[in-house]
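Coordinates in review
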Amino acid sequence: MREAVLHYIWRNRLFEEVTLDGEPLEVLDVGRYNEGDGPDFSLAKVRRGDFIWVGSVEMHLKSSDWTAHRHERDPRYDRVILHVVLSDDCEVHNSLGESVPTAVLTIQERIRNRLDELDVSTKALRCTPELSYISPYSLRSLTEPLLIERIEEKLTRNGDQKDFHELFYRLLMRYLGAHRNNEVMELVASATPLRVLRKHASDRGAIESILLGQGGLLSSTPRDAYEAELSEQYAFYRTKFDLAPVSGGIFQKLRVRPPAYPARILAIAAQIICREDALSEAMSACDFEKAKELLAVAPSVYWRTHIDFGQSYPKALGGIGISTIHSLLINAVLPVSYLYSQKTGNREKSREALEYYEELPPESNRFVRLFEKNGFAAHTAADTQKMLQLYGRYCEPFRCFFCPLAPAVFSALKSR
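None of the values given here were measured: they were computed from a predicted structure. Position numbers for residues count from 1 along each chain, tracking the sequence in the order it is written. Where local features are concerned, this predicted model is filtered to residues with pLDDT of at least 70; where side-chain atom pairs are given and counted, the filter is 80 or more; whole-chain, interface and lining totals use all residues. Heavy atoms from the whole structure form the basis of all side-chain values; hydrogens and water molecules are not counted.

**A look at helix α9 (residues 225-241)**
The way it works is that DSSP assigns letters per residue, a run of H or I at least four long becomes a helix, a run of E at least two long becomes a strand, and they are numbered from the N terminus. For a helix, the expected span equals 1.5 Å multiplied by the residue count minus one. Along its 17 residues, α9 runs 25 Å from first to last C-alpha, staying within 8% of the 24 Å computed at 1.5 Å per residue. For the exposure calls, accessible area comes from a 1.4 Å probe over protein chains only, and a residue counts as buried if that area is under 20% of its type's maximum, exposed if over 50%, partly exposed in between. Among the residues making up α9, those that are buried are Tyr226, Glu227, Leu230, Ser231, Tyr234, Tyr237 and Phe241. Considered in projection along α9, the buried side chains sweep an arc of 135° and stay on one side of the axis. In α9, those exposed residues whose orientation departs by more than 90 degrees from the buried face are Ala225, Glu232 and Thr239. Of all possible arcs, the one meant is that of the directions from the helix axis to the C-beta atoms.

In structure tokens form, the structure reads like this:
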């Protein structure tokens with residue numbers, strides 16, 4: 001067992017008992033964890049008989065580690081009221097020559113074994129089957145902060161939070177990418193300043209030519225008259241605004257449905273960007289039904305019958321589907337609306353943005369299915385966003401001991 005695991009046991013009171021000279025101690029307060037140098041915990045409170053000790057606690061696997069770490073020479077450890085170990089193999093002293101009381105921590109065998117397993121396991125969800133022991137109410141309560149945590153991380157990762165228009169544009173482009181092309185769409189957004197597109201807000205054709213050209217999707221040998229027209233427009237705008245397109249051939253079509261092919265999606269993005277002012281008004285007012293209407297824009301005439309240049313489609317094609325609209329609400333509209341409300345000090349509107357996640361259906365992906373398979377049911381988009389944050393922030397990087405569910409998992413195991 002690592003000392004970090006021992007700290008985790010103490011912080012979350014997963015021990016069975018603490019004894020000093022064979023007599024049990026009552027831990028009134030485990031203290032404040034110290035991640036820097038010095039004793040592991042400060043301001044701890046321990047009752048021994050009629051006396052309450054207040055001060056620092058230092059922890060080791062065995063008491064001889066005190067000497068191995070040279071704490072007997074360090075004055076910072078003179079305030080240690082209790083040295084807590086798993087194995088007491090020697091007496092220890094501080095730099096004043098005073099004996100430091102050494103207490104022994106007792107841990108249930110199954111808790112100890114499970115902690116050791118967690119520390120080395122490579123399973124996707126290392127807390128199974130114990131996750132299913134937590135009640136739905138407790139799961140909801142414990143994961144409540146994860147929705148805001150996910151929103152804030154998403155906003156921080158995707159650009160300048162002072163420019164709401166640019167931030168929304170980047171998120172819109174990313175999440176129009178049908179998963180397989182999210183990163184490439186984000187590259188196109190980075191290479192194509194919104195200020196350039198906004199100069200042509202009333203000209204859908206100009207925006208379409210710029211986005212398709214910047215995405216490297218206009219061929220030097222046009223496949224039909226429409227591509228030739230857009231290529232001519234793009235050549236003009238590329239020179240005028242000194243634009244540099246992304247590398248050609250980086251968009252993926254494999255396992256992408258034909259109606260969501262890259263050229264068609266960029267053309268739909270152009271239609272949505274033409275409505276950017278109206279979308280901004282809807283987001284600032286938290287009118288999410290209006291935002292949903294604005295995202296459900298029909299494509300231009302050419303893209304109602306084509307999936308790529310020179311490639312017609314046998315059925316009439318509309319705009320993006322309802323699942324993509326929901327994805328844009330979840331990942332672009334609601335985060336930016338929440339941020340705007342926070343920055344303008346409108347708590348009521350920021351709460352409305354959070355509450356709208358509860359109005360949207362749960363997302364469906366392999367991470368959500370993994371949690372549902374192990375007893376964590378998703379009923380709304382708020383639930384699935386929390387799951388995704390939980391997995392990405394704690395499960396995948398093996399940060400089990402920092403997970404908000406971990407104390408409840410071990411408490412449930414301890415009581416069974």
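Following the structure, the description resumes.
**Remarks on a nonpolar patch on the surface**
Each patch is built from salt-bridge-free residues with over 30% relative accessible area, joining like charges within 9 Å and nonpolar side chains (Val, Leu, Ile, Met, Phe, Trp, Tyr) within 5 Å. With residues, only the protein chains shown are counted as cover, and all accessible areas are computed by Shrake-Rupley using a 1.4 Å probe. For this analysis, a salt bridge means a side-chain nitrogen from Lys or Arg found within 4 Å of a carboxyl oxygen belonging to Asp or Glu. Together, Leu28, Ile52 and Val54 give the surface a local cluster of nonpolar side chains, amounting to about 230 Å² of exposed area. As for its placement among the helices and strands, Val54 is situated in strand β5 (residues 51-62).

**A short note on the pattern of salt bridges**
Across all of its chains, the model carries 21 salt bridges by this definition. Between Arg73 and Glu72 there is a salt bridge; the shortest N-O distance is 3.8 Å. We classify Glu72 as partly exposed; its relative accessible area is 24%. When the shortest N-O distance is used, the salt bridge between Glu183 and Arg174 registers 3.2 Å. Arg174 gets classed as buried once you look at its relative accessible area, which sits at 15%. One salt-bridge network, in which partners are shared between bridges, spans Arg140, Glu358 and Asp383.

**Description of the packing of aromatic side chains**
What counts as a ring pair is set by centres within 6.5 Å for rings of Phe, Tyr and Trp (its six-membered ring), and what kind of pair is set by the plane angle: stacked under 30 degrees, edge-to-face over 60, tilted for all other angles. What the rule picks out here adds up to 15 aromatic pairs. Through successive ring pairs, a cluster of aromatic residues spans Trp10, Phe15, Tyr33 and Phe41. Geometrically, a lysine NZ or arginine CZ counts as sitting over a ring once it is within 6 Å of the ring centre and also within 35 degrees of the ring normal. Against the face of Tyr394 rests Arg393, its NZ or CZ located 5.9 Å from the ring centre. In this structure, Arg399 packs its charged tip against the face of Phe402, placed 4.7 Å from the ring centre.

**Remarks on the pairing of strand β7 (residues 102-106)**
Strand direction decides the pairing type here: strand β1 (residues 17-20) and β7, joined by three bridges, are antiparallel. For Glu17, the partnering residue across the bridge sits in β7 and is Thr106. If DSSP finds at least two bridges between two strands, the strands pair. As paired elements, strand β6 (residues 80-87) and β7 share three bridges and run parallel to each other. Each bridged residue has a counterpart across the sheet, and for Val84 the counterpart in β7 is Ala103.

**Describing the side chain of Arg264**
Here Arg264 is to be found in helix α10 (residues 262-273). With sequence-adjacent residues up to four places away left out, Arg264 is seen in contact with Pro259, Pro299, Trp303, His306, Ile307, Leu317 and Gly318. Contact between two residues is taken to exist if any of their heavy atoms lie within 4.5 Å; hydrogens are not considered.

**Description of the environment of Asp29**
Checked against the element boundaries, Asp29 lands in strand β2 (residues 23-29). What makes Asp29 partly exposed here is its relative accessible area of 33%. For the pair Asp29 and Gln389, spaced 360 residues apart in the sequence, the C-alpha separation amounts to 30 Å. In this structure Asp29 touches Arg13, Leu43, Ala44 and Lys45, once residues within four positions along its chain are discounted. Whenever a nitrogen or oxygen atom comes within 3.5 Å of another N or O atom, the pair is scored as a polar contact, on the condition that within protein one atom can donate a hydrogen and the other can accept it, and that pairs from neighbouring residues in sequence are kept only if both atoms are in side chains. A distance of 2.8 Å separates a polar side-chain atom of Asp29 from the backbone nitrogen of Gly31.

**Section: the environment of Tyr338**
For Tyr338, the location among the structural elements is in helix α13 (residues 322-343). Relative accessible area serves as the criterion here: at 6%, Tyr338 is assigned to the buried category. In sequence terms Tyr338 and Lys349 are eleven residues apart; their C-alpha atoms lie 7.4 Å from each other. Dropping the residues within four chain positions of it, Tyr338 is found in contact with Ile148, Ile151, Glu152, Ser350, Ala353 and Leu354.

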